[in-house]
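Here are the chains, one letter per residue:
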Amino acid sequence: TPAYNSRILQVYLDYLRQRYPTIDPVEIITPAGLKPAEVDDPGFWYSQNQAVRMHEIMVAKTGDPNLSRNVGRYTARSKSLGTIRQFMLSMASPLTVYLRVQRLYRLLSRGAQLDVERLTVNKIKITTEPVPGLDEAQFQCENRLGTFEGLASVFSDRFAEVAHTE
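So, how was this worked out
- Residues numbered from 1 in each chain as written.
- Predicted model: local features only at pLDDT ≥ 70, side-chain atom pairs only at ≥ 80, totals over all residues.
- Heavy atoms only, no water.
- Helix = DSSP H or I, 4+ residues; strand = E, 2+ residues; numbered from the N terminus.
- Expected span 1.5 Å × (residues − 1).
- Buried < 20%, exposed > 50% of the residue type's maximum accessible area, 1.4 Å probe, protein only.
- Contact = heavy atoms within 4.5 Å.
- Salt bridge = Lys/Arg side-chain N within 4 Å of Asp/Glu carboxyl O.

## Some words on helix H4 (residues 48-62)
The terminal C-alpha atoms of H4 lie 21 Å apart, and with 15 residues this matches the ideal 21 Å at 1.5 Å per residue to within 8%. For H4, the set of buried residues is Gln-48, Gln-50, Ala-51, Met-54, His-55, Ile-57, Met-58 and Thr-62. Those residues of H4 that are buried are in contact with strand E1 (2-5), helix H1 (6-19), helix H2 (26-29), strand E2 (45-47), helix H5 (67-75) and helix H9 (138-151). Just past H4, the residue Gly-63 takes up positive phi, approximately 75°.

## What to know about the pattern of salt bridges
For side chains of opposite charge, pairing can occur when their charged atoms come near one another. Tallied over the entire structure, the rule returns five salt bridges. The residue Lys-61 makes a salt bridge to Glu-27 at a minimum N-O spacing of 2.9 Å. A residue pair is termed long-range when its members are at least 10 positions apart, and Lys-61 in helix H4 and Glu-27 in helix H2 qualify at 34 residues. A salt bridge links Glu-136 to Arg-144, with the nearest nitrogen and oxygen atoms 2.7 Å apart. Arg-144 shares its class with Glu-136; the two are buried.

Written out as structure tokens, the structure reads:
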């Protein structure tokens, strides 16, 4: 079942081009059954099995077991997000972005449901729950965590403090 938008993969590939320029993106997507034209199509969605396969290949090629979290931290800065990134940059504050993260997330993933709750003037609670019938992998949770940390870096040079309780 297609659950992940190609923009997520585009961010991964953008990160790899920056950090690991010798890695050929075709060597990552082809074994997972994807074509370059599909990856370039912002309307294309790929499956959990394809996500797992590509992640295994990327970690093997980079040797970075924390790749997904690092890519997550990079997400908000990636030009691969195009109009989504522009929308985030148009918001007045990190808090505004976090309060709208639920809406933004649906443009990228059908793998989990997000619930956002404002706790104080500078603190929010984001609860994520995998969609029933879809077994997300730990690396996907790490990527989401890194993304939540990295959103604040669009407005400052610091990552947000994110407590992952379970």
